[in-house]
Amino acid sequence: MKLLNQSLLYLSVPLLVILSIWSVIFYFNMLDEISDSIDDGLSNSKQLIIQRATSDSTVLHKNSFNESNYAIHEISISNAIAIRDRYSDTTLFMPDEKDMEPVRMLSSAFELNGKYYQLQVISSTVEEDDLIEDLFWSVVWLYFIMIAAMLFINKLTLQKLWEPFYAILKQLKTFRLDHSQKPADITTNIREFQALKSAADNLMLRSLETYNQQKQFTENAAHELQTPLA
């Protein structure tokens, strides 16, 4: 396996881990932001309902969520004092969906004309299982898109960056002692490749020098052996 592909393989595993951790953090942050936004809407609906109740008494007779997104029940003063604004996640049966659906509920209490009432306001929220599924596939697609982008960058950028290395490697592969060729010039600004080029040049020059010395010694020895024989 090529070095570039090996580096990509090593990067893909940490990338998957990082994306997985990021998706979990993003999921809980998104749920928190959604809950805050819904809570703000519930608080605003509560104020509007109480304002409407002061001028329209029929508002106080809506005791279920069948007709609207709120329900009002008359309670005692002791119960009203004990109630504080509370936001909670629950489920309610939705006739349109014919199923139990998740909702966000605000439970509160207010006083009007000497009477005390409990007010419950609901708002539809996202289904966590659908959100998890959508987020999962989004992360999967993001992962493969990033891998494809890394392959593209690897092909265009890193391959260009590693050209001096492959040039040095090719020069070492084609080097022959009997050709007495000098190392070709390879220009690069990368210090590691400069050091590699210098080491490769020194190795080839020393090899050529040693080869020439041995060749000269062999020729001299052959000449000395031929003289007595003659």
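Check the entry above for the structure.
Basis of the calculations
Residues numbered from 1 in each chain as written. Predicted model: local features only at pLDDT ≥ 70, side-chain atom pairs only at ≥ 80, totals over all residues. Heavy atoms only, no water. Helix = DSSP H or I, 4+ residues; strand = E, 2+ residues; numbered from the N terminus. Buried < 20%, exposed > 50% of the residue type's maximum accessible area, 1.4 Å probe, protein only. Areas by Shrake-Rupley, 256 points an atom, 1.4 Å probe, with all protein chains shown as cover. Patch = residues over 30% accessible without salt bridge, like charges linked within 9 Å, V, L, I, M, F, W, Y side chains within 5 Å. Salt bridge = Lys/Arg side-chain N within 4 Å of Asp/Glu carboxyl O. Lys, Arg positive; Asp, Glu negative; His and termini not counted. Charge placed at Lys NZ, Arg CZ, Asp CG, Glu CD. Core = buried A, V, L, I, M, F, W, Y, C linked by side-chain atoms within 4.5 Å. Contact = heavy atoms within 4.5 Å. Phe/Tyr/Trp six-rings, centres within 6.5 Å; stacked < 30°, edge-to-face > 60°. Expected span 1.5 Å × (residues − 1). Arc of directions from axis to C-beta.

A.B. asks: Can you walk me through the overall build of the protein chain in this structure?
C.D. replies: Secondary structure assignment for the protein chain yields five helices and four strands. For the protein chain, the N- to C-terminal ordering of α and β elements is α-β-α-β-β-β-α-α-α. Looking at the protein chain as a whole, 24% of its 230 residues qualify as buried. Roughly 16,500 Å² of accessible area belongs to the protein chain as shown, and the carbon and sulfur atoms make up 58% of that amount.

A.B. asks: Teacher, can you tell me more about a negative patch on the surface here?
C.D. replies: There is a patch of like negative charges on the surface, built from Asp32, Glu33, Asp36 and Asp40. Asp32 gets classed as partly exposed once you look at its relative accessible area, which sits at 43%.

A.B. asks: Before we go on, may I ask you to explain a nonpolar patch on the surface in this structure?
C.D. replies: Residues Val13, Val17, Ile21 and Ile25 make up a contiguous nonpolar surface patch of roughly 360 Å² in combined accessible area. Secondary-structure assignment places Val17 in helix H1 (residues 3-55). Judged by relative accessible area, which is 46%, Val17 ranks as partly exposed.

A.B. asks: How should the environment of Val140 be read in this particular structure?
C.D. replies: Positionally, Val140 belongs in helix H3 (residues 128-161). Taking the C-alpha atoms as reference, Val140 lies 9.1 Å from Leu19; in sequence the two are 121 residues apart.

A.B. asks: Help me understand the nonpolar core in this model?
C.D. replies: Looking at soluble globular proteins, one finds that nonpolar side chains tend to be buried together. Core analysis: the largest hydrophobic core is formed by 14 residues, its most contacted members being Ile49, Leu60, Tyr70, Ile72, Phe110 and Leu119. Contributing elements (two or more residues each) for this core: H1, strand E1 (70-75), strand E3 (99-112) and strand E4 (115-124). Among the elements that take part in this core, H1 stands out by supplying four residues, more than any other. The contact partners of Leu119, leaving out residues within four places of it in the chain, are Lys46, Ile49, Ile50, Tyr70, Ala71, Ile72, Leu106, Ser107, Ser108 and Phe110. Core analysis: the second largest hydrophobic core is formed by nine residues, Leu15, Leu131, Tyr143 and Ile147 among them.

A.B. asks: Would you take a moment to explain unusual backbone geometry for this structure?
C.D. replies: Note: most peptide bonds trans; most residues except glycine with negative phi. Phi angles above zero are rare outside glycine, and Asn113 is one such case at about 55 degrees. Within the secondary structure, Asn113 is located in the loop between E3 and E4.

A.B. asks: Is there a simple way to explain the packing of aromatic side chains in this structure?
C.D. replies: Working definition: an aromatic ring pair is given by the centre-to-centre distance plus the angle between the planes. Here the structure, examined in full by the defined rule, presents six aromatic pairs. Look at Trp22 and Phe26: their rings are 5.1 Å apart centre to centre, the planes differ by 15 degrees, and that puts the pair in the stacked class. Taken together, the residues Trp22 and Phe26, both in helix H1 and four residues apart, mark about one turn of the helix. For Trp22, a relative accessible area of 42% translates into the label partly exposed. With a centroid separation of 5.6 Å and an interplanar angle of 70 degrees, the aromatic rings of Tyr143 and Phe144 are classed as edge-to-face. Judged by relative accessible area, which is 15%, Tyr143 ranks as buried.

A.B. asks: Would you explain helix H4 (residues 163-174) in this entry?
C.D. replies: Helical periodicity: at 3.6 residues per turn, an α-helix aligns residues three or four positions apart in one direction. The terminal C-alpha atoms of H4 lie 16 Å apart, and with twelve residues this matches the ideal 16 Å at 1.5 Å per residue to within 8%. Three or more residues of H4 are buried, namely Pro164, Ile168 and Gln171. In a view along the axis of H4, the buried residues occupy a sector of 60 degrees, so they form one face of it. Exposed side of H4, more than 90 degrees from the buried face: Lys170 and Lys173 are the residues found there.

A.B. asks: Whenever I open this one, the side chain of Lys46 confuses me. Can you help?
C.D. replies: Mapped onto the secondary structure, Lys46 falls in helix H1. Filtering out sequence-adjacent residues up to four positions away, Lys46 remains in contact with Asp85, Leu106, Ser108, Leu119 and Val121.

A.B. asks: When you look at the pattern of salt bridges in this model, what are you seeing that I'm missing?
C.D. replies: In the structure shown here, the tally under the stated rule is four salt bridges. In this structure, Asp89 engages Arg104 in a salt bridge whose closest nitrogen and oxygen atoms are separated by 3.0 Å. Residue Asp89 is located in strand E2 (residues 86-94), and its partner Arg104 is located in strand E3; the two are separated by 15 residues in the primary sequence. Owing to a relative accessible area of 12%, Arg104 belongs among the buried residues under this scheme. Among the charged side chains, a network of salt bridges with common partners joins Asp39, Asp89 and Arg104.

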